[in-house]
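# A look at the structure
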Amino acid sequence: MATFTSSDIAFVTGAGSGIGRATCQLLAKEGATVVAADINKKGADETVLGLAGKNHMSIRLDVTKKDDVAKAISEVIAKYSSPPNIAVNCAGLILCEPLLDLTEETYNKLSDVNVKGTFWVTQAVIRELVAAQKKGAIVNIASIAKSGYALTTLYGANKAAVETFSLAAGEGIRPKVSLKRRQLQDECEAEEDFETQPTHLGTTNQLQGIRVNTISPGFTDTPMMVPFPEEFKKIYINDNPLKRPAKPEEIAETICFLVSEKSAYVNATSMFVHGGCIC
């Protein structure tokens, strides 16, 4: 029995290769209708051509442009009469460079794709799901680099930001806590009076069932990892209990679980997919 139906519209960025392509392939195989989005339109087209099922579409998308993201989501709605109820943000850039060599141009280039792009897509999808009063699931891609590695200072910072943002987006609504302090003669006996009431933080995720989660893959055998120094790759593999990098298809399996009803009670959390590597 398929995990999804054709009415499940999956919007995947970075779909032209690597984890994004593998995710599109698995979602389509499991019955979803896939929208493959990538700044490399040729790569997105090739992904769609290899998908099981029919009625999929490809979109050229620069995730760093808010208006372009909004336009892409509008195209999805126009074609399928529904916003995507599944979104996976795989678009990303990585750089293996010492902290002191980083430039402002490099900082902006990586951060715009890794952080801003994830933010704009997540925001746009949630906005349309709220408007349509539909449930949905979003998975954003962080990395074990968030823990801090010397040659991936900027990338790691980007991915830590993605995780923090995703946790907050998954919460959606939380209590507003106002603290009133009464001045007493003895300040040590000051009493805290908490008044708790709901407050709107820009989304209504919890009321509608919109879930946002993050995964943190370890080293994965994708084109994006080709520029990494061989020495770094060897260290990772030697320190990994499984003695190998991940396959894109293995990361895709975790993503598909998190956007399916099998994980209906998993929200605002982050999951490692790193083979047990604690290096």
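Preceding block: the structure.
Residues numbered from 1 in each chain as written. Predicted model: local features only at pLDDT ≥ 70, side-chain atom pairs only at ≥ 80, totals over all residues. Heavy atoms only, no water.

### Focus: the pattern of salt bridges
Overall, the coordinates contain 6 salt bridges when judged by the stated rule. As a salt-bridge pair, Arg21 and Glu46 come within 3.6 Å of each other at their nearest N and O atoms. Residue Arg21 is located in helix α1 (residues 18-29), and its partner Glu46 is located in helix α2 (residues 41-49); the two are separated by 25 residues in the primary sequence. Judged by relative accessible area, which is 23%, Arg21 ranks as partly exposed. A relative accessible area of 42% means that Glu46 is categorised as partly exposed. With a shortest N-O distance of 2.7 Å, Asp45 and Lys41 are connected by a salt bridge. One end of the pair, Asp45, and the other, Lys41, are both in helix α2, 4 residues apart, so they sit about a helical turn from each other. Given the relative accessible area of 28%, Asp45 is considered partly exposed. (Salt bridge = Lys/Arg side-chain N within 4 Å of Asp/Glu carboxyl O. Helix = DSSP H or I, 4+ residues; strand = E, 2+ residues; numbered from the N terminus. Buried < 20%, exposed > 50% of the residue type's maximum accessible area, 1.4 Å probe, protein only.)

### A closer look at the nonpolar core
Core analysis: the biggest nonpolar cluster contains 31 residues, and Leu27, Ile215, Ile255 and Val259 have the highest contact counts within it. Listed by contribution, the elements that provide at least two residues to this core are β1 (9-13), α1, β2 (33-38), α2, β4 (86-89), β5 (136-141) and α8 (248-259). Listed in part, the 26 residues of the second largest apolar core include Val35, Ala87, Ile126 and Val212. (Core = buried A, V, L, I, M, F, W, Y, C linked by side-chain atoms within 4.5 Å.)

### Let's talk about unusual backbone geometry
In this model, Asn55 sits at a positive phi of 70 degrees, which is unusual for a non-glycine residue. Counting through the fold element by element, Asn55 comes out in the loop between α2 and β3 (57-60). With a phi close to 55 degrees, Ala268 is a non-glycine residue in the positive phi region. Here Ala268 is to be found in the loop between α8 and β9 (270-273).

### Focus on the sheet that holds β3
Picture the strands of a sheet paired through backbone hydrogen bonds; they go either parallel or antiparallel. If you trace the 7 strands from one edge of the open sheet to the other, you get β3-β2-β1-β4-β5-β8-β9, paired in parallel fashion. The open sheet terminates on both sides in strands that have one partner only, identified here as β3 and β9. Each strand axis lies, on average, 20 degrees off the axis of its neighbour in the sheet, ignoring direction. Together, β2 and β3 form the strand contacts of α2, whose direction differs from that of β3 by roughly 170 degrees. (Pairing = 2+ DSSP bridges. Axes fitted to C-alpha atoms, helices over the stretch in contact; angles between N-to-C directions. Contact = heavy atoms within 4.5 Å.)

### Section: the side chain of His274
Structurally, His274 can be placed in the segment after β9. According to the relative accessible area criterion, His274 is buried, its value standing at 19%. A distance of 3.0 Å separates a polar side-chain atom of His274 from the backbone nitrogen of Gly276. Residues in contact with His274, not counting those within four places in the same chain, are Ile144, Gly218, Tyr236 and Asn240. (Polar contact = N/O pair within 3.5 Å; in protein donor to acceptor, adjacent residues only side chain to side chain.)

### Examining the side chain of Thr23
Its place among the elements puts Thr23 in helix α1. Judged by relative accessible area, Thr23 falls into the buried class, the value being 0%. Only 2.7 Å separates the side chain of Thr23 from the backbone oxygen of Ile19, close enough to count as a polar contact. Sequence-distant contacts of Thr23, that is, excluding residues within four places in its chain, are made with Val12, Val88, Cys90, Ala252, Ile255 and Cys256.

The quantities given are spatial measurements derived from coordinates; they are silent on function.
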